[in-house]
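This is what each chain is made of:
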Amino acid sequence: MQRIAIIGGGTAGAASALFLARAGHQVTLFERVAQPTAVGAGILLQPTGMHVLDALGLLEPILAHGARNDRLFGTTAGGRTVLDVRYRHHDAQSFGLGLHRGALFSVLWEALKTVAVKVCSGVNISRIEQRGGQALLFSRDPAPGSSEAEAGEFDCAVIADGTRSDLRAALAIPQKVTPYPWGALWALVPDDGLTQGSLRQWFRHAQQMLGLMPTGFAYQEMTQPILSLFWSLRADRLPHWQEQGLAAWKQTVLALAPPIAPVLEHIQRPEQLTFARYADVQMRHWHHGRIVCIGDCAHATSPQLGQGANLALVDAMTLAQCFAENSAVEPALALYSQRRRPHLRYYQGASKLLTPFFQSDSRIASTLRDIALGPICRLPVARQQMALTLSGSKTGWIYGRLRQSK
């Protein structure tokens, strides 16, 4: 049994706490927010993520709140097919699950009540020091001038506190964090059945992208299914968008995708749209002594492939498996980095490669996309590999497939 501290109560942190506590480890979960709740729009759970939730015994309530997505379908403003990726081209039984982020958060945190995890909310872990074969945690109140206090001594510290992690930045691991110039406006609106079980996208060059994803039901309000609406926008153009006003934005959107007029009727105030920024996090490896980084803290990418929550869930399951195979902390964490490397490297590389074709000012990239990608989607081998990528299962550009076991 190891004494394990997990910093961050999001998808990666909560799932890791569940796996490790069920394996008999003494787990303490630190969350800086006093009353943690999920924020954000919809996420797309892939077959890999659903496999992990099934291993935790949590798939049934997740399916009850999600919306099945069988296809990723995108066209240009002129109606030319750019993307047509169907899960059945990988596996006849597989599908994606659109899910409100709050549903996943709530299911994981409800499950934490059933295991012996000590949850410390409202605690801001400011520093981790490795001393005498232990990981010593310190906390500090966010208020200016506050003093630092010791938060506990553990055999292992798991950092899962997100893309902008100061704890990760302080580690002696070569790393690079690159903010994306592009982000997205998002909103949650009632689902009137427009998308028919598909994640639907419209493109004008690589500067305009609209997405609609069936997202199921909010966790506590199951009266009506919802859609997640995404609108691509450069971060430095956000002030201009705000100055132009909602009516001007709606005109731009309708010029790109006229069929969504009924959806836009549900957006009456600019405050219904929230701007999300993204960053690319790259690390040479994910462990240092008795400390390991998981989730977005370790490998955040652009959202183009819809893999963020799924990679975090696989991280959690793999970490627990590595502890099951090694009684000592440092060999377990070294094995974790080794096992996660092919899967994470592929999706980091693929996301970085694809992003300029969908979010950039490059006319060359968008022209190549519009000409080539649609026909490629119709080639049997190519569409099978694209569906395999979308499902979250690839571990290499040519060969390699993620092997998951309970």
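Residues numbered from 1 in each chain as written. Predicted model: local features only at pLDDT ≥ 70, side-chain atom pairs only at ≥ 80, totals over all residues. Heavy atoms only, no water.

**Topic: the packing of aromatic side chains**
Put simply, the test is: Any two of the Phe, Tyr and Trp rings considered here, Trp counted by its six-membered ring, make a pair once their centres fall within 6.5 Å; the pair's planes then place it as stacked at under 30 degrees, edge-to-face at over 60, or tilted in between. Comment: elements are numbered from the N terminus, with helices defined as DSSP H or I runs of at least four residues and strands as E runs of at least two. The classification of residues rests on relative accessible area computed with a 1.4 Å probe and restricted to protein chains. Under 20% of the type maximum is buried, over 50% is exposed, and intermediate values are partly exposed. Consider the ring centre and the ring normal. A charge sits over the ring if Lys NZ or Arg CZ is within 6 Å of that centre and within 35 degrees of that normal.
Scanning the model with the defined rule gives seven aromatic pairs in all. Ring plane angle 90° and centroid distance 6.0 Å describe the contact between Phe30 and Phe154, whose orientation is recorded as edge-to-face. Within this pair, whereas Phe30 is found in strand β2 (residues 26-31), its partner Phe154 is found in strand β11 (residues 148-154), the two being separated by 124 residues in sequence. Each member of the pair Phe30 and Phe154 is classed as buried. With a centroid separation of 5.0 Å and 65° between ring planes, the pair formed by Tyr346 and Trp397 is classed as edge-to-face. In this pair, Tyr346 sits in helix α11 (residues 329-358) while Trp397 sits in the segment after α13 (380-390), placing the two residues 51 residues apart along the sequence. Judged by relative accessible area, Tyr346 falls into the buried class, the value being 7%. The ring of Phe73 has Arg71 sitting right over it, with the charged end atom 4.1 Å from the ring centre.

**Considering the sheet that holds β2**
Test applied: Following DSSP output, two strands are said to pair if at least two bridges run between them. Every residue pair with non-hydrogen atoms within 4.5 Å of one another is taken to be in contact. Throughout, an axis means a line fitted to C-alpha atoms (over the contacting stretch in the case of helices), and angles, computed between N-to-C directions, take values from 0 to 180 degrees.
Overall, mixed pairing links the six strands, which are arranged β8-β2-β1-β12-β19-β18 in an open sheet. With partners counted over all chains shown, the strands left at the sheet margins are β8 (117-121) and β18 (287-288), one partner each. In terms of strand pairing, strand β1 (residues 3-7) meets strand β12 (residues 156-159) through four bridges, oriented parallel. When the sheet's bridge partners are listed, Ile4 is paired in β12 with Cys156. Relative to the sheet, helix α1 (residues 11-22) contacts β1, β2 and β8, its axis offset from that of β1 by approximately 165°. In this fold α11 packs onto β12, β18 and β19 (291-293), with an angle of close to 20° to the strand it touches most, β19.

**Points about the packing of α1 against helix α10 (residues 308-325)**
Worth spelling out the cut-off: Any angle that falls under 35 degrees is termed roughly parallel, while one over 145 is termed roughly antiparallel, one within 65 to 115 roughly perpendicular, and all others oblique. Take the far helix as the reference: if the near one is turned anticlockwise from it by less than a right angle, the crossing is left-handed, and if turned clockwise, right-handed.
Closest axis-to-axis distance for the α1/α10 pair is 8 Å, and the angle between their directions is 30°. By the angle between their axes, α1 is roughly parallel relative to α10. Both α1 and α10 take part in a crossing whose hand is right-handed. Together, Thr11, Ala12, Ala15, Ser16, Phe19 and Leu20 of α1 and Ala309, Ala312, Leu313, Ala316, Met317, Leu319, Ala320 and Phe323 of α10 make up the contact between the two elements.

**A closer look at the environment of Trp186**
In this structure, Trp186 sits in strand β13 (residues 175-190). On the basis of relative accessible area, Trp186 is assigned to the buried category, the value being 15%. Contact partners of Trp186, with chain neighbours within four places excluded, come to Gly40, Ala41, Leu229, Phe230, Gln272, Leu273, Thr274 and Ala276.

**Describing the pairing of β2**
Just so we agree on the cut-off: If you view a crossover with the strands going away from you and the path from the first strand over the helix to the second runs clockwise, you call it right-handed.
Where burial is concerned, most of β2 is hidden: five out of the six residues are buried. You can see the chain leave β1, run along α1 and come back into β2, and the turn it takes is right-handed. Of the pairings in the sheet, the one linking β2 to β8 comprises five bridges and is parallel in character. In the strand pairing of β8, Glu31 is matched with Ser121.

**Comments concerning α13**
For α13, the set of buried residues is Ala387, Leu388, Thr389 and Leu390. Looking at the buried side of α13, the elements it contacts are β5 (71-76), β6 (81-86) and α11. Gly392, located one to two residues past α13, shows a positive phi value of around 90°.

Function-wise, these values are silent; they only describe arrangement.
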